[in-house]
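Coordinate analysis (summary)
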Amino acid sequence: MAMNVSGKTAIITGAGSGINFCFARLLLSKGCNVVIADLRLRPEAEELVAQYTLSSNGAKAVFQETDVTDWIQLDRMFAVAIAHFGGADIVCPGAGVYEPPSSSFFIPPGTPRSEDILCNSRYAIIDINIHHPLRVTQMAVGHFLAQNKCGVVVHISSVAGQEPFFPTPFYVTSKHAINGLVRSLYRLENPPPHIPKIRVNAVAPGRILTPLWTDHPEKLKMVNQENPGWIAPEKVAQVMLDLIQKEEHVGGTIIEVGDNIRRVEIYNDPGPLGGGNEPRHDPNQEADMWKDLEKLLGPSEMLSVSSLL
């Protein structure tokens, strides 16, 4: 059920920057209205909204300030799409974080640097990277059915959804979860005749040159500086457009984007390494993880882990 995006409306979370911004810009250039749902806009996103105002001819952009961990605010972005454009045809729950120190497996709640609050009994990264896309997908399906029309949900997974990575276990877990969701909802594109078709698929990028990396020096330490292997976000955005517009990208499809672009198979897939898209990591990156764990050692165990590396 390929969908031509011209004249359609998309909701994109996290489109204030990065891959999602590039996707929003591409959709607008193709004549698709966009509701940008994010906490804030970077300067380039502000310029984009100013270019595609509600009073302009053709495609239009609307910014809706949105905290994706708040389900009421997620509901509001659908209300904005209905109010301005009659509803949404494409939904991308793209907002995500890459295991920040404030919400990391190696920095438990209640310890310095963690912003996860013990009495809340939750991890911020899980709320953003798993609960938010789950809820938005559920809401999108309900929205399409209520309007009795076909729709598309495009997720942003990662090569991390196919392999383990010791320094970022929460992030890896979240991307495995996205893959499981996308694979499980493949049947929505082939419903009984009286139910509209809904396509749910995903892009799985390698390491993308976006503010998620460039604005966080602590993350750049994970990157092999001699051969970082950066991928342009525009390349990912084009694949996301293809996931909507090309007939072959049926529900459940996951497309990996790195040096190569390839379909990720459900079974017996060679993985990012076999597909030529393995991220290039700094060989010394695990040292910080061991140092964080060292801080949790009891008094009788205070042999320096770092001295053993």
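None of the values given here were measured: they were computed from a predicted structure.

Conventions adopted
- The residue numbers shown here count from 1 along each chain, following its written sequence.
- Given that this is a predicted model, residues contribute local features only at a pLDDT of at least 70 and side-chain atom pairs are listed and counted only at 80 or more, while totals for whole chains, interfaces and linings are drawn from all residues.
- Derived side-chain values reflect all non-hydrogen atoms in the structure, with water molecules and hydrogen atoms excluded from consideration.
- For two strands to count as paired, DSSP must find a minimum of two bridges between them.
- Labels follow the DSSP assignment, with helices taken as runs of H or I lasting at least four residues and strands as runs of E lasting at least two, numbered in each case from the N terminus.
- Think of each axis as a best-fit line through the C-alpha atoms, taken over the contacting stretch in the case of a helix, with angles from 0 to 180 degrees between the N-to-C directions.
- For our purposes a nonpolar core is just a set of buried Ala, Val, Leu, Ile, Met, Phe, Trp, Tyr and Cys residues, chained together by side-chain atoms within 4.5 Å.
- Exposed residues in this analysis have more than 50% of their type's maximum accessible area, buried residues have under 20%, and partly exposed residues fall in between, with area computed by a 1.4 Å probe over protein chains only.
- Contacts are residue-level and defined by heavy atoms, with any inter-residue pair within 4.5 Å sufficient.
- An angle below 35 degrees is read as roughly parallel, one above 145 as roughly antiparallel, one from 65 to 115 as roughly perpendicular, and any other as oblique.
- Residues are grouped as follows: Ala, Val, Leu, Ile, Met, Phe, Trp, Tyr, Cys and Pro are nonpolar; Asp, Glu, Lys and Arg are charged; all remaining types, including Gly, are polar.
- Aromatic contacts are taken between Phe, Tyr and Trp rings whose centres are within 6.5 Å, Trp giving its six-membered ring; a plane angle under 30 degrees counts as stacked, one over 60 as edge-to-face, and the others as tilted.
- Using a grid of 1 Å spacing that covers the protein atoms alone, one calls a set of points a cavity when a 1.4 Å probe fits there but cannot get out, and a pocket when the set is open and has protein on both sides within 12 Å along at least five of seven lines; lining residues are those with an atom within 4 Å of a point.
- Grid points are joined across faces, edges and corners, and a volume is the space filled by probe spheres set on the points.
- Here is how to tell: hold the view so the strands point away, follow the path from the first strand over the helix to the second, and if it runs clockwise the crossover is right-handed.

**Quick look at the sheet that holds strand 4 (residues 90-93)**
- Spatial strand order, 3-2-1-4-5-6-7-8: 8 strands in an open sheet with mixed pairing. In this open sheet, the two edge strands, each paired with only one partner strand, are strand 3 (61-65) and strand 8 (261-263). Averaged over all adjacent pairs, the angle separating strand axes in this sheet is 20 degrees, with direction ignored.

**Some points on the nonpolar core**
- Of all hydrophobic cores here, the largest spans 41 residues; its most connected members are I12, F23, L27, V203, M240 and I244.
- At the level of secondary structure, the elements contributing two or more residues to this core comprise strand 1 (9-13), helix 1 (18-29), strand 2 (33-38), helix 2 (43-51), strand 4, strand 5 (151-156), helix 8 (233-245) and strand 7 (254-257).
- Discounting chain neighbours no more than four positions away, the residues touching F23 are I12, C92, A237, M240, L241 and I244.
- Core analysis: the second largest hydrophobic core is formed by 29 residues, V68, L74, A81 and V91 among them.

**Brief notes about the packing of helix 4 (residues 124-146) against helix 5 (residues 169-184)**
- Put simply, helix 4 and helix 5 touch, their axes get as near as 9 Å, and they point 10 degrees apart. Taken together, the axes of helix 4 and helix 5 are roughly parallel relative to one another. From helix 4, I125, N129, I130, P133, L134 and T137 reach across to helix 5, where they touch F170, Y171, T173, S174, A177, I178 and L181.
- Tallied by class, the residues present in the contact of helix 4 with helix 5 amount to 9 nonpolar, 4 polar and no charged.

**Things to note about the packing of aromatic side chains**
- Under the criterion given, the structure shown has 6 aromatic pairs.
- Ring geometry for F106 against F166: centres 5.1 Å apart, planes inclined by 70 degrees, an arrangement best described as edge-to-face. A residue pair is termed long-range when its members are at least 10 positions apart, and F106 in the loop between strand 4 and helix 4 and F166 in the loop between strand 5 and helix 5 qualify at 60 residues.
- Take F106: its relative accessible area is 3%, and that puts it in the buried class.

**Here we look at the environment of Y186**
- Mapping Y186 onto the fold places it in the loop between helix 5 and strand 6 (198-205).
- A relative accessible area of 44% places Y186 in the partly exposed class.
- Spatially, the C-alpha atom of Y186 lies 7.6 Å from that of V250, the residues being 64 residues apart in sequence.
- In contact with Y186, other than residues within four places in its own chain, are G251 and G252.

**Re empty space enclosed by the protein**
- The full count for this structure, using the stated rule, is 1 cavity of 30 Å³ or more.
- Considering only enclosed or pocket space, the largest cavity measures out at about 60 Å³ in volume.
- Of the residues forming the lining of the largest cavity, the biggest block, 3 residues, is contributed by helix 4.
- Looking at the lining of the largest cavity, its residues break down into 6 nonpolar, 4 polar and 1 charged.

**Focus on the pairing of strand 6**
- The element strand 6 is largely enclosed, with a buried count of 8 among its 8 residues.
- Burial along strand 6 is two-sided: I198, V200, A202 and A204 facing one way and R199, N201, V203 and P205 facing the other are all buried.
- Pairing geometry for strand 5 and strand 6, over 6 bridges, is parallel. Paired with V153 across the two strands is V200, which belongs to strand 6.
- Traced from strand 5 through helix 5 to strand 6, the parallel crossover comes out right-handed.
- In terms of strand pairing, strand 6 meets strand 7 through 4 bridges, oriented parallel. Along strand 7, the bridge assignment pairs A204 with E256.

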